[in-house]
Amino acid sequence: MAKHRAASIDGKLSEEFAVPSHVDDVTELMAAFAERHGAAGRRLVLITSGGTKVPLESRTVRFLDNFSSGRRGASSAEYFLDAGYAVIFLHRHRSLYPYARQYSGVNLLDSLQLGGSGGGDQVVVVNREALPKIDKVLKRYQDVKRDGLLLPVEFSTLSEYLHLLKASAQVLGTLGSKAMFYLAAAVSDFYIPASDMPEHKIQSSNGPLQISMKMVPKILSPLVKDWAPRAFVISFKLETDTSILLDKARKALDTYRHQAVVANVLDTRRGYVVVVTHDTQAELILTDEDVSKGVEIEDMIVSNLTRAHAQFISKQEG
Ligand code: 9Z3
């Protein structure tokens, strides 16, 4: 049964979603990363972040996008690194990136000044008012880089996302309960199979456009049951209608039998989420005081989940 389910999704993935050319290289990098950190006894988290892009034409001019700035994933990566995890950051090209995201609203050129020249080279000086805490953030970023704790992997299209997530799940599956999946990316539910896609730009001279899209295969199912069955798996549920949010989160948990769903509503996602597990429901709320102190809700989400992950590991090992 399990083999059958994985085989049917595998078939769909290779027939209807173009395999990205870099998937083998990325798999090798992820395997080496997982082996090194696994051998060091470190916990490892795969974070997905940003929205997927679904092309409407093979030579793509137009595409359907899913909304996500990537802030949830990028800031969570920083908190997981602070908690001692190694992080694979599977993110949408050009979405927010750990540490750099703290300066995403800043024009870098406005933050720099030309200083004197040292040894013939022009010196560039950072304007500290424009880039507050830059020394602290830069030092943390450089420490993380030096210790090889962050592996960035990029996707743009839904096809790239699905193939890279499958590859990462098969790699992290070898780490057992020490691996966590934190699936915060905003993923399309609909796509156009490669065989149905027009090659060239759709012509407006043909009149109004009607598009028929298929349902994206539920990749969480083989991930939880076949590829990484002992891992700690967290999915995110996004709604715009608060009244259906918790029902949908519970339904996802019942369907996939993974460990937790982080439920959030688009407009309030920065200040309110509910972490739903099979037998608990925790509301995480950012107060005005938290905001004034610069506390972020991702700090609370990551604390909640790293605690639950530690319990999960000791239960599985004991
Ligand atoms: C989320 O719900 C994330 O929290 C957000 C974060 C995308 C809202 P930002 O990147 O926003 O900080 O701007 N991610 C999951 C969204 C999603 O597509 N979920 C699907 C669903 O709800 C499948 S798991 O059905």
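Residues numbered from 1 in each chain as written. Predicted model: local features only at pLDDT ≥ 70, side-chain atom pairs only at ≥ 80, totals over all residues. Heavy atoms only, no water.

Looking at an unreviewed UniProt entry, one finds the protein chain named Phosphopantothenate--cysteine ligase and attributed to Muraenolepis orangiensis. The record held by UniProt for the protein chain lists under Function (unreviewed entry) the comment "Catalyzes the second step in the biosynthesis of coenzyme A from vitamin B5, where cysteine is conjugated to 4'-phosphopantothenate to form 4-phosphopantothenoylcysteine. Has a preference for ATP over CTP as a cosubstrate." Quoted straight from UniProt, the Sequence similarities (unreviewed entry) entry for the protein chain says "Belongs to the PPC synthetase family." (UniProt positions renumbered as here; feature names shortened; annotations may be inferred.)

A. Here's a closer look at the sheet that holds strand 7 (residues 150–155). Pairing in this open sheet of eight strands is mixed, and the strands run 7-4-1-8-11-12-13-14 from one edge to the other. If you trace the sheet from one side to the other, it starts and ends with strand 7 and strand 14 (281–285), each paired once. Each strand axis lies, on average, 15 degrees off the axis of its neighbour in the sheet, ignoring direction. In this structure, strand 1 (residues 44–49) lies alongside strand 4 (residues 86–92), joined through six bridges in parallel fashion. In the sheet register, L44 faces strand 4, and the bridge partner there is A86. Along the sheet, helix 6 (residues 220–227) makes contact with strand 8 (179–183) and strand 11 (232–239), crossing strand 11 at roughly 170 degrees. (Pairing = 2+ DSSP bridges. Helix = DSSP H or I, 4+ residues; strand = E, 2+ residues; numbered from the N terminus. Axes fitted to C-alpha atoms, helices over the stretch in contact; angles between N-to-C directions. Contact = heavy atoms within 4.5 Å.)

B. Just helix 4 (residues 134–146), in detail. The terminal C-alpha atoms of helix 4, which comprises 13 residues, lie 18 Å apart, in line with the 18 Å expected from a rise of 1.5 Å per residue. Each element contacted by the buried residues of helix 4 is listed here: helix 3 (71–82), strand 6 (121–126) and strand 7. (Expected span 1.5 Å × (residues − 1).)

C. The site of the ligand, seen in detail. The environment of the ligand is made up of 16 residues, and the closest members are S68, S69, G70, K237 and N264. One nitrogen or oxygen atom from the main chain of L238 is found 2.9 Å from an oxygen atom belonging to the ligand. In the complex, 88% of the free accessible area of the ligand, which totals 600 Å², lies under the protein chains. Cavity membership is defined here by more than half of the atoms lying within 2 Å of grid points; on that basis the ligand lies in the largest pocket. For the shell around the ligand, the leading source of residues is strand 11, giving three residues. Residues of the shell around the ligand, tallied by class, amount to seven nonpolar, four polar and five charged. (Near = heavy atom within 4 Å. Polar contact = N/O pair within 3.5 Å; in protein donor to acceptor, adjacent residues only side chain to side chain. Areas by Shrake-Rupley, 256 points an atom, 1.4 Å probe, with all protein chains shown as cover. 1 Å grid on protein atoms, 1.4 Å probe; cavity = no way out; pocket = protein on both sides within 12 Å on 5 of 7 lines; lining within 4 Å. Sits in = over half its atoms within 2 Å of the grid points. Nonpolar A, V, L, I, M, F, W, Y, C, P; charged D, E, K, R; others polar.)

D. Fine view of the UniProt feature "domain: DNA/pantothenate metabolism flavoprotein C-terminal" (unreviewed entry) in the protein chain. In this numbering, the UniProt entry assigns the feature "domain: DNA/pantothenate metabolism flavoprotein C-terminal" (unreviewed entry) to residues 44–92 and 170–286. Along residues 44–92, the helical share is 24% and the strand share 39%, with 20 Å between the first and last C-alpha atoms. The straight-line gap between the two end C-alpha atoms of residues 170–286 is 36 Å; of that span, 22% is helix and 28% is strand.

E. How the structure looks around the packing of aromatic side chains. For the structure shown, the criterion picks out eight aromatic pairs. Taking the centre distance of 5.2 Å and the plane angle of 80 degrees together, the rings of F80 and Y182 count as edge-to-face. Here the residue F80 occupies a position in helix 3, and Y182 occupies one in strand 8, the gap between them amounting to 102 residues. Summarising the burial analysis for this pair, F80 and Y182 share the class buried. Pairwise contacts between aromatic rings join F80, Y85, Y182 and F236 into one cluster. (Phe/Tyr/Trp six-rings, centres within 6.5 Å; stacked < 30°, edge-to-face > 60°. Buried < 20%, exposed > 50% of the residue type's maximum accessible area, 1.4 Å probe, protein only.)

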